[in-house]
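# Analysis of the macromolecular model
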Amino acid sequence: MTPQRPPRVLVTGATGFIGGRLCEVMALTGVFEPRPFVHSTGSAWRIARFPLDFASGDLCDGGSVDRAMVGCDAVVHLARGNRAVMRRGLENLLRAAVRHRVSRFVHISSIAVYGSQPPAASVSEAAPAKRSDSRYGNAKLEQEQRVLRYRRRHGLNVVILRPPNVWGPFGAFSVELVNAIRSHSAAIVDGGRNPCNLVYVDNLVEAIFLALWRPEAPGQVFFVTDREPVSWKRCITDHAALVEVDVPHVAEAQLVAPARERLWRDSLRALPEVITDVEFRRVITRIPLARRAMAFLSDWLPSLPGETEQAVRGWLRGRERVRRNGSSEGGYRADHPCIAAQRRAVAHSSDKARRLLGYTAPVSYDEGMRLTAAWLREARILDGLPLQKPEHQPAADANPPDEIENAKGPMIGVVPPPDE
Amino acid sequence: MRTLTIISDTHPNLTASGAGARKSGGARGSGTVRIGIIGGGAITEGAHLPAVLSSPQVELTALCDVSASRLRYLRGRFGLGRIALRDYRDVVRRVDAVILALPNGLHAPVGVELLSQGIHVLCEKPLALTRHECEQLCQAARATSSILAVGFVTRFFPSTGLMKQLIESRFLGELQSFDAEFGTPGGWSPLSGYNLARATSGGGVLVVSGSHFLDRMIYLFGDIDVVSHVEDSRGGIEANCRTWFAATVDGRPLRGHLVLSKTHRLANRFRIVGARGTLEVGDGQTRSVTYLPSGSAVRHELTAVALPPGDAEPDYFQLQLHDFVHAIQTGAAPRVDGEQATRSVALTERCYAIATPLEEPWCEATLERLARAGPQPAPRAAAWRPPALATAT
């Protein structure tokens, strides 16, 4: 790195929650010079507030990645997207990093590599990660393996960071938690005693900064968490106070198990509501085959004998379920992200990052909460006005997402529910 | 501007008329107007090309973009003939008028050149980056008696005209205040990425979303002044801003407020408060105005008598195009002419000139601590400065 100027860092996923804050802090402190790699200019508003050296391109296009890498000293890889972006995009980036001899490649992975129920041993990074029930976690694990391969084969100075729930202004964690509380689908399970496993976005930025230059970092994997462990009870109660809603306590035994999905029955039951939707009919009837099928169905049902028609309609509708207090079907669903996340008992530790990198996690939970609340107010999320569409992290900066992004699910809990 | 080259042949039906013929009234009369579109970006694909191709009043004789692949795509998508060009200067001999849908920073240089050659111009908003550039465009139009219209399409919504009528008829009694807010997380993605830099866009959310509101405020209340303006730009373009205005209506002072965001959703409405109640137009409310009488719990949806109920939503870009054609053929002023559009650009300039920073504690509070994690003593954190006035490219 040239001492005369701040090291220039290519940041993928720069338009997302973490990438946006990373570029912001780099630009405002002058410690590093960010070069945001941007796929969609319409989502770059937060970082376009700074006069930055934007690189426009697509991670799956090796040429645009190579051009973006010119003159860069290091890379922070935050982007995610569909399978092609997760694999070919990362491969393009690693290849360009080797070709341009960048001094550091910081890959932001996730605690999700341990699956939806991280083992007790995953207190530290020493616990081996293996394929799990989490499609997103598996994709991230595969990425880690690819990154480490470049370390072994090409000597690339790679560093892997595994954050848990990243929270803070512009992040989805608090937005989704507030939404869940306001819609009465959140509850405190078994006293909310399990750890929340949070990392405030600025603390993660500190870890990224350190990973970019500390000589102890290359080849290592680090957990990055907040300084003090925070229980789910405290976290939910603090968010509930922002919207002045009381969150009930429930025992794990009271949770409603998710209904097992039955492919044919559930599909047929969903059908009437879908095909009678005006907007759906307007679009689908552009297809001649669909038009004929719809005409057949609407003629067929009334043509049945009265009792048969009623029986078919009754079967299609299924049993009537009454919702209580806005919660799911008379209780709190065990698979709601806000509930499921509370069932994980392990507290991940960032001791290794403290020891080797000098990571301090300079923002306390209380300060993070104050700053997040200020932003939630500014963004009108606490006003009951139309809610902001949460910005999922890491940023979807490349191609439109497909099954991997969908599999990731909500941000609360980091680890998505098991694959269907 | 890059050096450009022609990649396609001339249109087979082109006449030999040039700028000179047009100046003496070539397009005036009842025939179709030969029109070109300069700039093949998202607004051209989504709005201008459909409006032009389905109009009986114009014939598309040129489509110009620097990107050959983009031209190929548009030709294929819309089944266009051999009308694609990569050099806007080659458009001149093929058209009577153009729709200018280039990045904002190119409106003035390209527009002035075309107007000077007698080509009528419908320019996408904002008219230009600065008032000075706007005046150059207006001067070029005057010098050649060409029409300069500006694409503030919201002016063609029946709700805009109805609001004006209601104000002029003193429907609300004495006006007390007006306010507007519009916020969406992200949105419109210009293909060229010109929106990421002040030099090419002229500004941020105030230009992209706010210019429509500024134009409507001027249309409704006449001259308005900017009292204060706060925004979150840090040398780039602002994503959030708040502006306070003062106007004089019927000899009485009127205060207004505009909030814009490109990072979060807002109520997305334009509201005028008077002694008798409030008029409100929401985002996408093109045909009616909502009236909320003071002290009452009811809402009224008002529509103009002339507007048939239940009519299909018209193509407002085509209404705008036909207004432009009408101006060309009759010499009448278009609904939004260069002089009107200049006023909203002047207002934007004034906002940027007096801008102060928006408070963002979540952005600033931790910077000093984070800087310590850098490889060397950090340079002093970049101090926020008001954004420089936009300049011509």
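Residues numbered from 1 in each chain as written. Chains lettered and ligands numbered in written order. Predicted model: local features only at pLDDT ≥ 70, side-chain atom pairs only at ≥ 80, totals over all residues.

Considered domain by domain, chain A is made up of domain 1 (8-172 + 195-230 + 346-408) and domain 2 (263-317). With centres defined by C-alpha atoms, the gap from domain 1 of chain A to domain 2 of chain A works out at 46 Å. (Domains from an automatic or database assignment.)

Let us look at the interface of chain B and chain A. Contact residues are listed per partner, giving 40 residues for chain B and 44 residues for chain A. Only helix 12 (361-364) and helix 13 (367-371) of chain B provide two or more residues apiece to the side of chain B that touches chain A. At four residues, the largest contribution of residues to the side of chain B that touches chain A is made by helix 13 of chain B. In terms of residue class, the side of chain B that touches chain A is made up of 21 nonpolar, 13 polar and six charged. (Contact = placed C-beta atoms within 7 Å. Helix = DSSP H or I, 4+ residues; strand = E, 2+ residues; numbered from the N terminus. Nonpolar A, V, L, I, M, F, W, Y, C, P; charged D, E, K, R; others polar.)

Glancing now at the nonpolar core. Ranked by internal contacts, the top residues of the largest apolar core, which has 157 residues, are Val9(A), Val75(A), Val106(A), Leu161(A), Ala207(A), Ile208(A) and Ala211(A). For this core, the element with the most residues is helix 6 (residues 201-213) of chain A, which contributes ten residues. Ignoring any residue separated from it by four or fewer positions in sequence, one finds Ala211(A) in contact with Val106(A), Val159(A), Leu161(A), Ala217(A) and Leu357(A). Counting 62 residues, the second-largest nonpolar core is a separate cluster that includes Leu102(B), Cys123(B), Ala140(B) and Phe324(B). (Core = buried A, V, L, I, M, F, W, Y, C linked by C-beta atoms within 7 Å. Buried ≥ 20, exposed ≤ 12 C-beta atoms within 10 Å, placed from the backbone.)

Residue Pro126(B) follows Lys125(B) across a cis peptide bond; omega there is -10 degrees. Among the secondary structure elements, Pro126(B) is positioned in the loop between strand 5 (120-124) and helix 5 (131-143). Of note, Asn197(A) is a non-glycine position whose phi angle comes to about 50 degrees, a positive value. Unlike most non-glycine residues, Arg380(A) shows phi in positive territory, near 65 degrees. Within the element layout of this structure, Arg380(A) appears in the loop between helix 14 (365-378) and helix 15 (403-408). We classify Arg380(A) as buried; it has 20 C-beta atoms within 10 Å.

Before going further, it helps to spend a moment on the environment of Arg77(B). All names here are of chain B. Along the chain, arginine 77 falls in helix 3 (residues 68-78). In this structure arginine 77 comes out as exposed when scored by C-beta crowding, with 10 C-beta atoms within 10 Å. With 32 residues separating them in the primary sequence, arginine 77 and glutamate 45 have C-alpha atoms 9.1 Å apart.

Now for the sheet that holds strand 5 of chain B. Sheet strands associate in pairs through backbone hydrogen bonding, adopting either a parallel or an antiparallel arrangement. Residues and elements named next belong to chain B. Reading across the sheet, the six strands line up as 3-2-1-4-5-6 and stay open at both edges, with parallel pairing between neighbours. Each of the sheet's edge strands pairs with one partner strand only, and the pair in question is strand 3 (84-85) and strand 6 (148-151). Where strand 1 (residues 33-38) meets strand 2 (residues 58-64), six bridges bridge the pair, whose relative direction is parallel. In the sheet register, arginine 34 faces strand 2, and the bridge partner there is glutamate 59. Sheet strands in contact with helix 2 (residues 42-53) are strand 1, strand 2, strand 4 (97-100) and strand 5, and its direction is about 175 degrees off that of strand 1. Its contacts with the sheet place helix 4 (residues 104-116) against strand 1, strand 4, strand 5 and strand 6, and it is angled at close to 165 degrees to strand 5. (Pairing = 2+ DSSP bridges. Axes fitted to C-alpha atoms, helices over the stretch in contact; angles between N-to-C directions.)

All names here are of chain B. Read from one edge to the other, the open sheet built from nine strands follows the order 14-13-12-11-7-10-9-8-15, with strand pairing classed as mixed. Looking along the sheet, the strands with just one partner apiece sit at the ends: strand 14 (300-302) and strand 15 (355-357). Strand-to-strand, the axes of this sheet are offset by a mean angle of 20 degrees, without reference to chain direction. Lying over the sheet, helix 9 (residues 210-221) contacts strand 7 (175-183), strand 8 (224-231), strand 9 (240-249), strand 10 (252-261) and strand 11 (269-274), oriented at roughly 165 degrees with respect to strand 10. Against the sheet, helix 11 (residues 338-353) makes contact with strand 8, strand 9 and strand 15, and its axis sits at roughly 45 degrees relative to strand 8, the strand it touches most.

What follows is about the domain arrangement of chain B. All names here are of chain B. Considered domain by domain, chain B is made up of domain 1 (19-153 + 320-344) and domain 2 (155-313 + 348-353). Computed from C-alpha coordinates alone, the two centres of domain 1 and domain 2 are separated by 26 Å. For the side of domain 1 that touches domain 2, the elements supplying multiple residues, two or more each, are helix 4 and helix 11. Class assignment of the residues belonging to the side of domain 1 that touches domain 2 gives a composition of seven nonpolar, six polar and four charged.

Time to look at the pairing of strand 8 of chain B. All names here are of chain B. The pairing of strand 8 with strand 9 spans seven bridges and is classified as antiparallel. In the sheet register, serine 228 faces strand 9, and the bridge partner there is tryptophan 244. Where strand 8 and strand 15 come together, three bridges link them in parallel fashion. Considered in strand 15, the bridge of glutamate 231 is made with proline 357.

Here we take up the confidence of the model for chain B. Residue and element names in this part refer to chain B. With 87% of its residues at a pLDDT of at least 70, chain B reaches an overall mean of 88. Every residue in residues 1-26 scores below 50 in pLDDT, and together they form 39 contacts with partners more than four places removed in sequence or on other chains. Below a pLDDT of 50 lies the segment residues 380-393, which in the model reaches 35 contacts outside its immediate sequence neighbourhood of four places, other chains included. (pLDDT = per-residue confidence, 0-100.)

Our next topic: the packing of helix 5 of chain B against helix 11 of chain B. To describe two helices that pack against each other, one gives the angle between their axes and the distance between the axes. All names here are of chain B. Relative orientation of the contacting elements helix 5 and helix 11 amounts to 170 degrees, with a least axis distance of 9 Å. Considering the angle they form, helix 5 stands roughly antiparallel to helix 11. In this structure, helix 5 contributes Arg131, Cys134, Glu135, Leu137, Cys138 and Ala141 to the contact, and helix 11 contributes Gly338, Glu339, Ala341, Thr342, Val345, Ala346 and Glu349. Per-class residue counts for the contact of helix 5 with helix 11 are seven nonpolar, two polar and four charged. (Parallel < 35°, antiparallel > 145°, perpendicular 65-115°, else oblique.)

Residue and element names in this part refer to chain B. Here cysteine 351 lies in helix 11. For cysteine 351 and alanine 68, which are 283 residues apart along the polypeptide, the C-alpha to C-alpha distance reads 38 Å. With near-sequence residues (within four places) excluded, cysteine 351 lies in contact with Leu206, Val226, His229 and Thr243.

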